[in-house]
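Listed below, chain by chain, are the residues.
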Amino acid sequence: MEKVSLLERIDQAAAAIAARSGETPEIGLILGSGLGILADLIEDAVVVPYHEIPFFPVSTVEGHAGELLLGKVKGRQVLMMKGRFHTYEGYEPDAVSFPVRVMKKLGVKTLLVTNAAGGVNESFDVGDLMVISDHLNFMFRNPLIGPNDNSLGVRFPDMSEAYSKRLRKLAHETAAELGFSLREGVYAAMSGPAYETPAEIRMLRIVGSDAVGMSTVPEVMVARHAGIEVLGFSCISNMAAGILDQPLSHAEVMEAADRVKDKFLGLILAILPKI
Ligand code: HPA
């Protein structure tokens, strides 16, 4: 079979989604652990299962079918991914970030991305919310490797402001209005799926990381390549390996993310109309 070009795959996926919803989404949402509940707040949501979108990656994990939701939240047209893809599941970085290409094609101007992350900065506490100021790509994989289609973005995209200064400021102002403050720092992306060793966490701290996780970076790189403005948050769900004298578990991560979800959701809902 002849290989379908990236441009053609994006066009077909976007056309299938556009056929289901007449609205133009302005804001893309890729939300990590705990925040899937935002889906329930989308008014008159149009739901498109991933498997009905040509060339969309399909989750292999049972119970994580995955669907796109399009509709209005707080007066803004959003496109939300309910279920995201990670490279540790075996997806290539360009598959993980393909939905961002499709978002761009559909009209998305801003990407709001969240994740659960381990706290590397020892002054952080479990439950803190961190605005991502920048990232370190310790996945050592990059979705932009390969032939570059100049109609999608430049060959050598600038990453000097991967996370929008304007939106970071807005996030801090909004949190202050809600009566709490946000941390801000550098997110280091590791491949996973094993959690890091204490030695890796010491290294990450030395090189300037404040939080560590296994997602987000592929999507953000493609968003920037495509000229989409990005706002990213990490929920500090645990202190990274070796900081506390206790093992890490996925259950702990989920529990902590669940505990702050109302606060986190409140922040996102308050930011959306101001983006
Ligand atoms: N390390 C990597 N990814 C994570 C962590 C962590 O400690 N917590 C949540 N996601």
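Just so you know, these numbers come straight off a predicted model, no measurement behind them.

A.B. asks: Tell me about the pairing of strand β7 (residues 183–189), residues and numbers included.
C.D. replies: For β7, the buried fraction is high: five of the seven residues fall into the buried class. Where strand β6 (residues 129–137) meets β7, seven bridges bridge the pair, whose relative direction is parallel. Note that in β7 the partner of N137 across the bridge is A189. Here β7 pairs with strand β8 (residues 211–213) via three bridges, running parallel.

A.B. asks: Quick rundown of the pattern of salt bridges? Include the residues and the values.
C.D. replies: Tallied over the entire structure, the rule returns 13 salt bridges. Its salt-bridge partner being E219, residue R84 comes within 3.6 Å of it at the nearest N-O pair. A residue pair is termed long-range when its members are at least 10 positions apart, and R84 in the loop between β4 (76–82) and α2 (93–96) and E219 in helix α6 (residues 217–225) qualify at 135 residues. The same class applies to R84 and to E219, which are both buried. With a shortest N-O distance of 3.1 Å, R166 and E229 are connected by a salt bridge. Linking R166 in helix α4 (residues 165–178) with E229 in strand β9 (residues 229–239), this pair joins segments that are 63 residues apart in sequence. Judged by its relative accessible area of 44%, R166 is partly exposed. Within this structure, D125, D128 and R183 form a network of salt bridges that share partners.

A.B. asks: Give a detailed account of the site of the ligand, specifying residues and quantitative values.
C.D. replies: The immediate surroundings of the ligand are formed by A116, A117, G118, Y195, E196, V212, G213, M214, S237, N238, L248 and V253. Within the contact set of the ligand, a nitrogen atom lies 3.3 Å away from a backbone nitrogen or oxygen of G118. Separating a nitrogen atom of the ligand from a side-chain N or O atom of E196 is a distance of 2.7 Å. For the ligand, whose unbound accessible area comes to 260 Å², protein coverage reaches 95%. Only β5 (110–119), β8 and β9 provide two or more residues apiece to the shell around the ligand. With three residues, β5 is the largest single contributor of residues to the shell around the ligand. Here the residues of the shell around the ligand sort into seven nonpolar, four polar and one charged.

A.B. asks: Give a description of the nonpolar core that names residues and reports values.
C.D. replies: Within the largest apolar cluster, 46 residues are counted, with the highest numbers of intra-cluster contacts made by I53, L68, V102 and L111. Contacts of I53, omitting those with residues within four sequence positions, involve A13, I17, V48 and L68. The next biggest cluster of nonpolar side chains, apart from the first, holds 32 residues, and it includes L112, C235, L267 and I268.

A.B. asks: Which residues make up the packing of aromatic side chains, and what are the values?
C.D. replies: According to the stated counting rule, one finds six aromatic pairs in the structure shown. Pairing Y50 with F56 gives two aromatic rings, centres 5.1 Å apart and planes at 45 degrees, and the pair type is tilted. Summarising the burial analysis for this pair, Y50 and F56 share the class buried. Measuring from centroid to centroid gives 5.9 Å for F233 and F264, while their planes differ by 90 degrees, and the two rings are edge-to-face. Separated by 31 residues along the polypeptide, F233 in strand β9 and F264 in helix α8 (residues 261–271) bring together distant segments of the chain. Exposure class is identical for F233 and F264. Each is buried. An aromatic cluster of three or more residues is present, and its members are Y50, F56, F85, Y91 and F98. It is K263 that lies over the ring of F180; its NZ or CZ is 4.6 Å from the centre.

Reading the values: the criteria
- Residues numbered from 1 in each chain as written.
- Predicted model: local features only at pLDDT ≥ 70, side-chain atom pairs only at ≥ 80, totals over all residues.
- Heavy atoms only, no water.
- Buried < 20%, exposed > 50% of the residue type's maximum accessible area, 1.4 Å probe, protein only.
- Helix = DSSP H or I, 4+ residues; strand = E, 2+ residues; numbered from the N terminus.
- Pairing = 2+ DSSP bridges.
- Salt bridge = Lys/Arg side-chain N within 4 Å of Asp/Glu carboxyl O.
- Near = heavy atom within 4 Å.
- Polar contact = N/O pair within 3.5 Å; in protein donor to acceptor, adjacent residues only side chain to side chain.
- Areas by Shrake-Rupley, 256 points an atom, 1.4 Å probe, with all protein chains shown as cover.
- Nonpolar A, V, L, I, M, F, W, Y, C, P; charged D, E, K, R; others polar.
- Core = buried A, V, L, I, M, F, W, Y, C linked by side-chain atoms within 4.5 Å.
- Contact = heavy atoms within 4.5 Å.
- Phe/Tyr/Trp six-rings, centres within 6.5 Å; stacked < 30°, edge-to-face > 60°.
- Lys NZ or Arg CZ within 6 Å of the ring centre and 35° of its normal.

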